[in-house]
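If you want the building blocks of each chain, they are given just below.
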Protein chains: 2
Amino acid sequence: MSEAVLGAVADAIDEARLWRLHEEFAAIGGTSKGGVCREALTPEDMTARIKLADLGRELGCTVGVDAIGNMFLRREGRKPDAAPVATGSHLDTQPTGGRFDGAYGVLAGVELFYALRDAGIETERPIEVINFTNEEGGRYAPGVMGSQVFADPDQLKRMLAAKAPDGGVLGGELGVFRQKLGPVEDRPFGTAYRAFVEGHIEQAPLLEETGNTVGVVTGIQGSRKFQIEVIGEEAHAGTMPRRRRKDALIAATHMVQALYRLMEDEEDTIRFTIGRFQAFPGAPSVVPGRVAFTCDFRHPSNELRARLGDQIEGLCKALAGPCGVEVNEYQSSVSVDFHGPMLEAVRRSAARLGVPHMDMYSGAGHDARNMARLCPSAMVFVPCERGISHNEAENAKASDLAAGTRVIAQAVTELALD
Amino acid sequence: MSEAVLGAVADAIDEARLWRLHEEFAAIGGTSKGGVCREALTPEDMTARIKLADLGRELGCTVGVDAIGNMFLRREGRKPDAAPVATGSHLDTQPTGGRFDGAYGVLAGVELFYALRDAGIETERPIEVINFTNEEGGRYAPGVMGSQVFADPDQLKRMLAAKAPDGGVLGGELGVFRQKLGPVEDRPFGTAYRAFVEGHIEQAPLLEETGNTVGVVTGIQGSRKFQIEVIGEEAHAGTMPRRRRKDALIAATHMVQALYRLMEDEEDTIRFTIGRFQAFPGAPSVVPGRVAFTCDFRHPSNELRARLGDQIEGLCKALAGPCGVEVNEYQSSVSVDFHGPMLEAVRRSAARLGVPHMDMYSGAGHDARNMARLCPSAMVFVPCERGISHNEAENAKASDLAAGTRVIAQAVTELALD
């Protein structure tokens, strides 16, 4: 019986429909270079959110939203009080992001609902598709915000007060979104799910290089994020002698070079990135009086992250020269190992479907990291071209997306059948 | 006769009125830190321009504007066809600029008009006070734009098309300004002036340190300005291995460090500044795919500027690593020596007034550099506190401003009496 149902749901996954869904969402905030600019809670993100709610209603789901803006499309089960099984990811993107990062996990869930409907399958447990708020953390810090608050509601107040460089305030924009969306169910935080499965593109080239179609994600490396501000003194570029300057850019470039050296490991397992770096006031003939930059530091070893990350502040202070420097760690997360029985469920689906798969570790952070604190969780990776992501050139194959969705569909449906 | 007139105009210079003028203009775009943000052709700059035109009309001047937006307040002389004597500077500021840079030269001219009126002095030649457009070059490149076009009208078309990072187009904003200003005289470029005298704060600490009140400026050092763009590849901060990255920020910081070393001279006469530096897309978890920065390089020696400036492009290319780099020189000017008889006229005024003065060289560029191509020109510097400029903390003493204005007033009036 169960095997027949699982076969039926996989058969009903429609590769062309799933690709069309990706195209339709990619058009919302689509860029001239084929990427997507749909940062959290911008008008583009709101349009995508409303489209998702409309799709959910068409598919017979109830739509719920919690206080941090996470969206829940719920397909009822025979036992409405049983702990639901959830899947999903995020629709927000980086400022120059791609068409698949995040969107894939949400749209694989929507496609699962289409398949369940077409195959006439009723599950015991309800199934929910979640769209988490502000996974990317580009416009509002920190990232994976929605799942973080979902798992730890004490963070809500601080997150609602988050400010974007463009002047936006998260709480205010959520209010605008709720008004545009119209009446939906108010959802509480911390739902006791039976399980959570997140689909995502790999964002690295391992699947492509090994000829596998699905990655069974065993864990996510931890990360530490820092905001660093160097304070010098503005001066006239044509008159102020070099020896009397307090040039924040000179000091900051010394720090940056030393930080890159500190984080250079022979094995190339450390991921260290200075993604934001800007000198102020930013006029060609003014000596910079201030530089602000970020550090994003990730590694599977909690010990190594603690040891090297703790050196960042001292190193910056030692290289500040005549300037001042402030180092603020604004985000930190330990490495997470996913739940063994959940990994088994994903491997079982892939094997049953004959999809080539491998175990792998995630370098990128994902919402599943936070969900793993609430319920048994897993992730399914699919290949993306050359591993390129956080880039408008991000690309993936329709057949890989569909194969991954079949694996997710079977795993979620199996968990919802008992 | 002439000595009596020169004494009368100097006596009529009113220190309190001149200071009040500075306070009134500093309020237009005034910042909470006591500085001024009045970048060229912003609404604040337009407000200051209209206030200047109103002052000119109150003082019986005709108001003219040329096609690049330079403003001319003209006080008629007994011989309306004689070549006029001009003074002035600019009302635009850096984004975090001070109250005196530029404004002093314009307001000293306005104060001269007050003094001539109060002393009942009629001159043979007309006298004009000029407010040049976009001296600072922070919002629109290049700087000293108004005087450059005035001396070389072939530049007009290119300058009108200049774009600001905030989306403004110079030609369009000039149209808005003309509409707000109402009917004024259309002025041609390249008026054959008898002479031009520009008052300005020193923007360096030499007058203060030597106890002098006026600097007789003998020349202005030449400059070269470069825009450099480093092109790498955006990638995910959590997944892309270091050895496969094309991180534009790593390449750019190597270039910056090498450029600072190249420009480090024992005598500390080279002025080399990287004032604008920004990584794109500027998200904490995206490896920077692009960095844009500027170089501002000044030195009195035309030979040294040529030799070192020509090394910038090669040095950047050698350090680009896996990235590409483009170097574009967008502005270049040779060192200028002011006209001997004009320096004599300024020294004579200072000596007659008993104002302690010294000859000095200007590190900063000024509109007088371009005016010197059209007519005998000179500059009068007054001290500013600790030499700090291009900074909201910029400061000057009312008595120094008045003393400098008396020197300018006598020099201009003497030239206008023959």
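Residues numbered from 1 in each chain as written. Chains lettered and ligands numbered in written order. Predicted model: local features only at pLDDT ≥ 70, side-chain atom pairs only at ≥ 80, totals over all residues.

## Focus on the relation of the copies chain A and chain B
What counts is decided by this rule: Copies are brought into register by a least-squares superposition over C-alpha atoms of residues with pLDDT of at least 70 in both.
In the superposition of chain A on chain B (RMSD 0.0 Å, axial shift 0.0 Å), the rotation amounts to 180°. Both chain copies can therefore be described as sitting about a two-fold axis. Minimal C-alpha distance to the rotation axis in chain A is attained by A:Gln278, lying at 2.2 Å.

## Re the interface of chain A and chain B
For clarity, the cut-off: Each residue gets a C-beta atom placed from its backbone, and two residues are in contact if those atoms lie within 7 Å. To qualify as a helix, a DSSP run of H or I must reach at least 4 residues; to qualify as a strand, a run of E must reach at least 2; elements of each kind are numbered from the N terminus. When residue character is reported, Ala, Val, Leu, Ile, Met, Phe, Trp, Tyr, Cys and Pro are called nonpolar, Asp, Glu, Lys and Arg charged, and the others, Gly included, polar.
Each partner contributes residues to the interface: chain A has 53 residues there, and chain B has 53 residues. Within the residue set of the side of chain A that touches chain B, elements represented by two or more residues are strand S8 (222-231), strand S9 (235-236), helix H9 (248-262), strand S10 (271-273), strand S11 (277-280), strand S12 (286-287) and strand S13 (290-299) of chain A. Along the lines of polarity and charge, the residues of the side of chain A that touches chain B split into 20 nonpolar, 24 polar and nine charged.

## Notes on helix H14 (residues 398-416) of chain A
In plain terms, the rule: Take the number of residues in a helix, subtract one, and multiply by 1.5 Å to get its expected span. Buried, partly exposed and exposed are defined by the number of other C-beta atoms within 10 Å of a residue's own C-beta, namely 20 or more, between the two limits, and 12 or fewer respectively, with C-beta atoms placed from the backbone.
With 19 residues, H14(A) ought to run about 27 Å at 1.5 Å a step, and its terminal C-alpha atoms sit 26 Å apart, in line with that. Burial within H14(A) is extensive, with 17 of its 19 residues counted as buried.

## A few points about the environment of B:Thr96
Considering the arrangement of structural elements, one finds B:Thr96 in the loop between strand S3 (85-89) and helix H4 (103-118). According to the C-beta neighbour criterion, B:Thr96 is buried, with 24 such atoms within 10 Å. For B:Thr96 and B:Glu39, which are 57 residues apart along the polypeptide, the C-alpha to C-alpha distance reads 9.2 Å. Setting aside anything within four residues of it in sequence, one finds B:Thr96 in contact with A:Glu234, A:Pro281, B:Gly35, B:Cys37, B:Asn391 and B:Glu392.

## Examining the domain arrangement of chain A
Interface size is commonly expressed as the accessible surface area that is lost when the partners come together. All names here are of chain A. The condition is simple: Residue ranges assigned to each domain were obtained from an automatic or database domain assignment.
Its domain assignment divides chain A into domain 1 (2-221 + 335-416) and domain 2 (223-333). Computed from C-alpha atoms alone, the centre-to-centre distance between domain 1 and domain 2 is 34 Å. The interface of domain 1 with domain 2 comprises eight residues on the first partner and ten residues on the second. Among the residues forming the side of domain 1 that touches domain 2, the class breakdown is three nonpolar, four polar and one charged.

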